[in-house]
Amino acid sequence: MKKLSTPSLLALSCALLAASVAQAQSSDTIKVGLMLPYTGTFAQLGVAIENGFKLFVQEQGGALAGKKIEFFKVDDESEPSKGIENANKLVQRDKVDVLIGTVHSGVAMGMAKVAKDTKTLLIIPNAGADVITGSLCAPNIFRTSFTNWQPAYAMGLVAAERKHKSAVTITWKYAAGEESVKGFKEGFEAKGGKVTKELSVPFPTVEFQALLAEIAAAKPDAVYTFFAGAGAVKFVKDYAAAGLKGKIPLYGAGFLTDGTLEAQGDAATGLLTTLHYADGLDTPKDRAFRLSYAKTYKLQPDVYAVQGYDAAQMLAAGLKAAGGDFSKREVLIKGMEQAKIDSPRGAFTLSKAHNPVQDIYLRKVENKENKMVSVAAKGLADPARGCRL
Amino acid sequence: MDLANFLIQLLNSVQYGLLLFMLAAGLTLIFGIMGVVNLAHGSFYMLGAYLAWSLSAQFGSLTLAIVVGAVLSVIFGLALEWLLFRHFYQRDHLDQVLLTFGLIYIFEELRSILWGDDVHGVTIPELLGASIPLTENLSYPVYRLFMAGVCIALALGLYGLISKTRLGMKIRAGAFNREMAESLGINIKRIHAVVFALGVGLAAVAGMIAAPIASVYPNMGSQVLIMCFVVVVIGGIGSVRGALIAALLVGLVDTFGKVLLPSVAGMLVYMLMAGVLLWKPEGLFKQ
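Just so it is clear, the model here is predicted, and its values are computed rather than measured.

**Brief notes about the overall build of chain B**
Within chain B, the regular secondary structure consists of eleven helices and two strands. When the helices and strands of chain B are read in sequence order from the N terminus, they spell out α-α-α-α-β-β-α-α-α-α-α-α-α. For 287 residues, the compact-globule estimate of 2.2 N^0.38 gives 19 Å, and the C-alpha radius of gyration of chain B, at 19 Å, lies within 12% of that figure. Along the first, second and third principal axes, the C-alpha set of chain B runs to 65 × 50 × 35 Å. Per-residue burial for chain B yields a buried fraction of 50% across its 287 residues. Long-range contacts, defined here as pairs at least 24 residues apart, represent 75% of the contacts in chain B between residues at least 6 apart. Here chain B displays about 13300 Å² of accessible surface, and carbon together with sulfur accounts for 70% of that area. For chain B, the distance from the average position of its 15 positive side-chain charges to the average position of its 14 negative side-chain charges is 15 Å.

**Some thoughts on the overall build of chain A**
Across its full length, chain A carries twelve helices and 14 strands. Once the C-alpha set of chain A is aligned to its principal axes, its extents read approximately 95 × 40 × 40 Å. Sorting the 389 residues of chain A into buried and exposed places 56% on the buried side. The contacts of chain A with a sequence gap of at least 6 include a subset with a gap of at least 24, amounting to 68%. Summing over all exposed atoms, chain A offers an accessible surface of approximately 16100 Å²; the carbon and sulfur share of this is 56%. Distance between charge centroids for chain A: 3 Å, based on 48 positive and 39 negative side chains.

**Some points on the sheet that holds strand β4 (residues 98-100) of chain A**
Residue and element names in this part refer to chain A. In space, the six strands of this open sheet follow the order β2-β3-β1-β4-β5-β6, with mixed pairing throughout. Edge strands, defined here as strands with exactly one partner in the open sheet, are β2 (63-64) and β6 (141-143). Bridge count for strand β1 (residues 29-36) against β4 is three bridges, and the pairing is parallel. Its bridge partner lying in β4, Val-32 is registered against Val-98.

**Description of a nonpolar patch on the surface**
Residue and element names in this part refer to chain B. Side chains of Met-1, Leu-3, Phe-6, Leu-7, Leu-260 and Leu-261 sit close together on the surface and give an oily, nonpolar patch of about 610 Å² of accessible area. In terms of residue count, the dominant contributor to the nonpolar patch is helix α1 (residues 3-34) (three residues). The topology assignment puts Leu-260 in helix α10 (residues 240-260).

**Observations regarding the interface of chain B and chain A**
Residue-level contacts link 26 residues of chain B with 24 residues of chain A. Buried surface at the junction of chain B and chain A, summed over both partners, amounts to about 2100 Å²; 54% is from carbon and sulfur atoms. Between chain B and chain A we count one salt bridge in total. For the salt bridge of Arg144(B) with Glu207(A), the shortest nitrogen-to-oxygen distance reads 2.7 Å. Looking at the side of chain B that touches chain A, the elements with two or more residues in it are α1, β2 (139-141), α8 (188-214) and α10 of chain B. Counting residues per element, the side of chain B that touches chain A draws most heavily on α1(B), which supplies four residues.

**Description of unusual backbone geometry**
Residue and element names in this part refer to chain A. The step from Gly-101 to Thr-102 runs through a cis peptide bond, and the omega angle for that step is 0°. Relative to the elements of secondary structure, Thr-102 occurs in the loop between β4 and α4 (105-118). With a phi angle near 60°, Lys-119 is a residue other than glycine that sits in the positive phi range. When you line up the elements, Lys-119 lands in the loop between α4 and β5 (121-124).

**Re the pairing of strand β9 (residues 222-226) of chain A**
Residue and element names in this part refer to chain A. Counting buried positions along β9 yields five of five residues, so the element is predominantly enclosed. Across five bridges, the pairing between strand β7 (residues 166-172) and β9 is parallel. Following the sheet pairing, Ile-170 is matched in β9 by Thr-225. Read as a crossover between parallel neighbours, the route from β9 over helix α8 (residues 229-241) to strand β10 (residues 250-253) is right-handed.

**Details of the nonpolar core**
Within the largest apolar cluster, 78 residues are counted, with the highest numbers of intra-cluster contacts made by Ile209(B) and Val250(B). It is α8(B) that provides the largest number of residues to this core, a total of 15 residues. The residues contacting Val250(B), other than those within four sequence positions of it, are Leu20(B), Met227(B), Val230(B), Val231(B), Ile234(B), Val269(B) and Leu272(B). Val32(A), Val103(A), Phe142(A) and Val195(A) belong to the second largest nonpolar core, which has 73 residues in total.

**Quick look at the confidence of the model for chain B**
Confidence in the prediction for chain B averages 91 pLDDT; 100% of positions are at 70 or higher. Quick note on the complex model: pTM equals 0.82, ipTM equals 0.74.

**Focus: the packing of helix α5 (residues 149-161) of chain A against helix α6 (residues 175-190) of chain A**
All names here are of chain A. Two numbers describe how α5 lies on α6: the axes approach to 7 Å, and their chain directions differ by 35°. Seen from above, α5 lies across α6 with right-handed handedness. In this structure, α5 uses Trp-149, Ala-152, Tyr-153, Met-155, Gly-156, Leu-157, Ala-159 and Ala-160 to contact α6, whose residues at the interface are Ser-180, Gly-183, Phe-184, Glu-186, Gly-187 and Phe-188.

**Considerations on the side chain of Asn148(A)**
Residues and elements named next belong to chain A. Note that Asn-148 resides in the loop between β6 and α5. Residue Asn-148 is classed as buried on the basis of its relative accessible area of 7%. Every residue in contact with Asn-148, bar those within four places of it in the chain, is listed here: Gly-128, Ala-129, Asp-130, Ala-176, Glu-179 and Ser-180.

**Focus: the state of the cysteines**
Applying the stated criterion across every chain yields a total of one disulfide over all chains. Here Cys137(A) is linked by a disulfide to Cys387(A), with a sulfur-sulfur distance of 2.0 Å. Since a negative S-S torsion denotes a left-handed disulfide, the Cys137(A)-Cys387(A) link at about 90° is right-handed. Placement of the pair is Cys137(A) in the loop between β5 and β6 and Cys387(A) in the segment after β14 (369-380), with a sequence separation of 250 residues. Summarising the burial analysis for this pair, Cys137(A) and Cys387(A) share the class buried. The closest cysteine sulfur to the non-disulfide-bonded Cys151(B) is located on Cys228(B), 12 Å from its own sulfur. The class for Cys151(B) is buried, based on a relative accessible area of 1%.

Parameters at a glance
Residues numbered from 1 in each chain as written. Chains lettered and ligands numbered in written order. Predicted model: local features only at pLDDT ≥ 70, side-chain atom pairs only at ≥ 80, totals over all residues. Heavy atoms only, no water. Helix = DSSP H or I, 4+ residues; strand = E, 2+ residues; numbered from the N terminus. Rg over C-alpha atoms; globule rule 2.2 N^0.38 Å. Buried < 20%, exposed > 50% of the residue type's maximum accessible area, 1.4 Å probe, protein only. Contact = heavy atoms within 4.5 Å. Areas by Shrake-Rupley, 256 points an atom, 1.4 Å probe, with all protein chains shown as cover. Lys, Arg positive; Asp, Glu negative; His and termini not counted. Charge placed at Lys NZ, Arg CZ, Asp CG, Glu CD. Pairing = 2+ DSSP bridges. Patch = residues over 30% accessible without salt bridge, like charges linked within 9 Å, V, L, I, M, F, W, Y side chains within 5 Å. Salt bridge = Lys/Arg side-chain N within 4 Å of Asp/Glu carboxyl O. Buried area = accessible area lost by both parts, 1.4 Å probe. Right-handed = clockwise from strand over helix to strand, strands pointing away. Core = buried A, V, L, I, M, F, W, Y, C linked by side-chain atoms within 4.5 Å. pLDDT = per-residue confidence, 0-100. Axes fitted to C-alpha atoms, helices over the stretch in contact; angles between N-to-C directions. Left-handed = near helix turned anticlockwise from the far one by under 90°. Disulfide = S-S within 2.5 Å.

Printed below as a string of structure tokens:
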């Protein structure tokens, strides 16, 4: 064997030294994988979530529990068929410690599968599919948003309290819509109401005319709906154009009027919806958050920014409990489970299934804002059916 | 179902049926006259909807957007015919299916590059935004009546063109016997280009007027294409009159199905098609 020359020996030792330094550095950082929509329909939501997350990290001086945060980003394209592949990119290629994502429930299911298989920590900052913290729940899967069931169930209670006896529901024929309608039905019927008809249209079509005529003919006391985005805009406008507004009260999950008020215009005025966030909460925490967000991004925050912010808070709580050591997994998870998150929406804790136990607000559309009216359900926990944690 | 609701649903059916007719007429003409199976027909509908959205944002007027969009789409149709389709008239149907199936993907990709993947709404013009109170509880949007009006006007225009004009006579002659017509000095190539562009224009205009009520989204063409094929098959391939009757029939079955039998509504139209084919294997009006 040839003897190594002095220069190459030096070079080798330098390389070894550099590697050990890099090793030391890497244990000083936490790798956060953001898998969010950065293109397509939900792009703005993805950006708001990332902004919220980074805002909290920035407020802590750029580190959580003394650990620098290193970000890795993947655009999930809101494409369920690429969910597993994209999540694997972050887990296998970038070796992230924690996955944050996403908006679309179908994609989040793929992420949950990857998280389960690889035991990677996952924090979901939006997707509301009931099953993720229901029958698919896992020790390493957390959510900072809601289940589709939560706002809907609360609205069911509200509609019954408002002395409505019968209601018709209308939504897109897809998981989120169906879960939402089920939640409403459960709340409404628990208090003596009766859902007389469940109408649906295929996703994402917005041709409501035949069904609006049907609602008018059925003459229910109330209508409950789950639509979001362009479909929500169209539905609220069509409902008014059909002359139903003011005759049959329309209720919805908060997504009906979140981010859509500008486009809905007058047709939305007075609408009542339920969500875990609202305009005009006017708590010190919320005021501080809104000010800080507006200053940093020159944008008004929304519910998605809040959920992103809370994802960072939840991670921070876990890290703090583990003294910044990601390898103390049990302690870290326990820390997250027991955390009381001081959210702009109001403080919340996690249910056994790792979903927020939170107040659901009743909001009313006034001057293009979803103004808080009252608390529709206090400390509401998702029933987490099928979860064995 | 009370009478008022019945009448309103009838109105909805007719209006939906007329829209389907505009699409199916182009599809059946292109097949009947040129013998081309055009799977990309739905893409022209999508093109129209996206044109309506982007042009109306540009001009601030949907009416102007429809006029300009119609002209643009006819030019697009002529270009497409000249570049691609004319080379495929003599090929067999499998080649045509492959060509037009490929075009669907190309158009979707172009749409994604040009306009993105978002779902968009198009605002109904102020003038047509009102509603007419029909029953104590329900008003009917004027825009829908306007839509039906446009469809009827175009259907009458199409009928007039084919059965009453010189051009229409040449079209019919070309469809009936190409060699004979050519030997009589009719320029079949030009006729084909005109018919193709007409079909593209009809589909695009349908997309444009439907945009405000159906919204604008990726893959919208494929959904409507299936309905169009159902209409063409029920009506009898190549028959414009058959397409009209079949479109109204499909409109009725689909609308009332959604209301009366929501759980099986998606299937009813196909059951109708199967039923018609059992009874008349060549469709209601065969060429």
